Amino acid sequence: MAASSPPARAEPPRSGRLRNALLTTALLAPAGLWYLLLLVAPLVIVIIFSFGTRAKNGGYEAAFVLDNYTRAFERPDPFIASLAMASVGAISCLLVGLPLAYYLATRAGRRKSVLILLLVVPFWTSFLIRTYSWLIILGPDNGLAGWIGGALGDEQFRILGTPVAVLIGLVYGYLPLMVFPIYVTLERMDRTLVEASKDLGAARWATFRQITLPVALPGLVTGTILVFIPMMGEYVIPQILGYGRTYLMGNALVTDFLEARNWPSGSARAVGLILIMFVTITAYLWFVNRGRKTREVSVL
């Protein structure tokens with residue numbers, strides 16, 4: 001006796017498929033419109049401006065030239081300085097944020113809510129005010145610089161106006177963006193994996209390297225990107241804590257757009273900055289994914 005085949009699944013009528021398509025479109029339309037107006041349209045305008053020329057009284061005049069890109073990359077110092085500062089800042093945030101997130105997720109206990117609240121509280125005040133507060137903390141009179149200078153016997157010792165001050169401000173300002181993604185991934189970690197590793201005789205460092213770190217890797221990648229991107233275009237911290245002496249891309253863009261009113265030149269620098277960030281983040285993700293595949297193969 002031949003086996004009976006399962007009944008064919010009835011396809012929804014055309015009116016039902018149309019209704020589902022309209023519902024999906026209606027749900028995605030607000031986000032899509034927001035994306036087009038606030039991301040795609042400004043990016044297209046900046047790209048168009050980057051090929052123009054400076055008008056007689058400043059601003060933009062329609063043209064199609066490549067001189068703006070040529071001049072931007074002939075003087076790559078702001079690009080290099082921003083890339084170096086953002087890279088060191090992201091690594092510093094990682095070195096500080098990973099132990100902090102690990103402690104919050106695994107060791108904080110009843111104090112976890114209070115510690116997370118203390119981490120969030122600074123965001124309740126203005127970023128500008130928090131940056132200005134470091135002028136007092138790092139100041140040469142009653143601040144950290146004065147204390148270190150007194151200990152070294154060097155009255156001329158200064159922290160403000162140096163790349164070190166800018167780096168401190170960057171790490172302080174963007175550290176929570178590194179901590180929270182890592183904390184969320186570690187909070188969801190299966191603790192039995194760590195216990196099993198210890199039962200099998202693995203040392204603490206081996207357990208952390210083979211279990212905890214791979215679990216935290218998605219949050220680590222997310223936190224690094226969230227920190228790296230705004231650091232590349234930072235202007236407030238270098239201007240206040242660095243006294244404008246640490247000249248990053250944010251300072252260069254302000255000079256082009258607001259002081260020189262050379263919008264095409266500033267647009268070309270902005271497009272170059274976007275390209276550098278895109279290439280850097282793509283290379284970083286490729287390296288991370290390649291390392292993950294290598295570890296999976298080595299385990300097998």
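Quick note: structure is the one above.
Each chain carries its own residue numbering, running from 1 in the direction its sequence is written. Reporting in this predicted model follows two pLDDT cut-offs: at least 70 for local features of residues, and 80 or more for side-chain atom pairs to be given and counted; totals over whole chains, interfaces and linings ignore these cut-offs and use all residues. With hydrogens and water stripped out, all remaining heavy atoms of the structure feed into the side-chain values.

Draft legend 1. The arrangement of the overall build of the protein chain in detail. The secondary structure listing takes helices from DSSP runs of H or I that are at least 4 residues long and strands from runs of E that are at least 2 residues long, numbered from the N terminus. Within the protein chain, the regular secondary structure consists of 12 helices and 0 strands. Order of helices (α) and strands (β) in the protein chain, N terminus to C terminus: α-α-α-α-α-α-α-α-α-α-α-α. The globule rule used here is 2.2 Å times the number of residues to the 0.38 power, and the radius of gyration it is set against is calculated over C-alpha atoms. In terms of overall dimensions, the protein chain is more spread out than a globule: its C-alpha atoms have a radius of gyration of 26 Å, far above the 19 Å expected for 300 residues. Should any heavy atoms of two residues lie within 4.5 Å, those residues are counted as being in contact. Within the protein chain, contacts between residues separated by at least 24 positions form 68% of all contacts whose residues are at least 6 apart in sequence. Here the protein chain has roughly 19,000 Å² of accessible surface; of this, 68% comes from carbon and sulfur atoms. Positive charges come from Lys and Arg, negative ones from Asp and Glu, while His and the chain ends are left out of the count. Lys charges are placed at NZ, Arg charges at CZ, Asp charges at CG and Glu charges at CD. Taken as two groups, the 26 positive and 16 negative side-chain charges of the protein chain have centres that lie 10 Å from each other. Using a 1.4 Å probe, the Shrake-Rupley method yields the accessible areas, and only the shown protein chains count as cover for residues.

Draft legend 2. Structural context of the environment of Phe 73. Positionally, Phe 73 belongs in helix 2 (residues 67–74). Between buried and exposed lies partly exposed: a residue is buried under 20% and exposed over 50% of the maximum accessible area for its type, with that area taken using a 1.4 Å probe on protein chains only. Classification of Phe 73 as partly exposed rests on a relative accessible area of 44%. Expressed as a C-alpha distance, the spacing of Phe 73 and Leu 83, which sit 10 residues apart in the sequence, is 14 Å. Sequence-distant contacts of Phe 73, defined by excluding residues within four places in its chain, comprise Phe 79 and Gly 272.

Draft legend 3. Layout of unusual backbone geometry. Phi at Tyr 243 takes a positive value of approximately 55°, unusual for a residue other than glycine. Summarising the element assignment, Tyr 243 is placed in the loop between helix 10 (236–240) and helix 11 (249–259). Judged by relative accessible area, Tyr 243 falls into the partly exposed class, the value being 42%. Of note, Arg 261 is a non-glycine position whose phi angle comes to about 50°, a positive value. By the element assignment, Arg 261 lies in the loop between helix 11 and helix 12 (263–299). You can call Arg 261 partly exposed: its relative accessible area is 35%.

Draft legend 4. A look at the packing of aromatic side chains. Here is the rule: rings of Phe, Tyr and Trp (six-membered ring for Trp) pair when centre to centre is within 6.5 Å. Planes less than 30 degrees apart are stacked, more than 60 are edge-to-face, and the remainder are tilted. For the structure shown, the criterion picks out 9 aromatic pairs. Taken together, a centroid distance of 4.2 Å and an interplanar angle of 15° make the contact between Phe 49 and Tyr 60 stacked. You can see Phe 49 sitting in helix 1 (residues 14–50) and its partner Tyr 60 sitting in the loop between helix 1 and helix 2, a full 11 residues away along the chain. Looking at Phe 49, the relative accessible area reads 21%, which means it is partly exposed. Centre to centre, the rings of Phe 127 and Tyr 174 are 6.2 Å apart; their planes meet at 45°, and the pair counts as tilted. With Phe 127 in helix 5 (residues 127–137) and Tyr 174 in helix 7 (residues 163–187), this pair connects stretches of sequence that are 47 residues apart.

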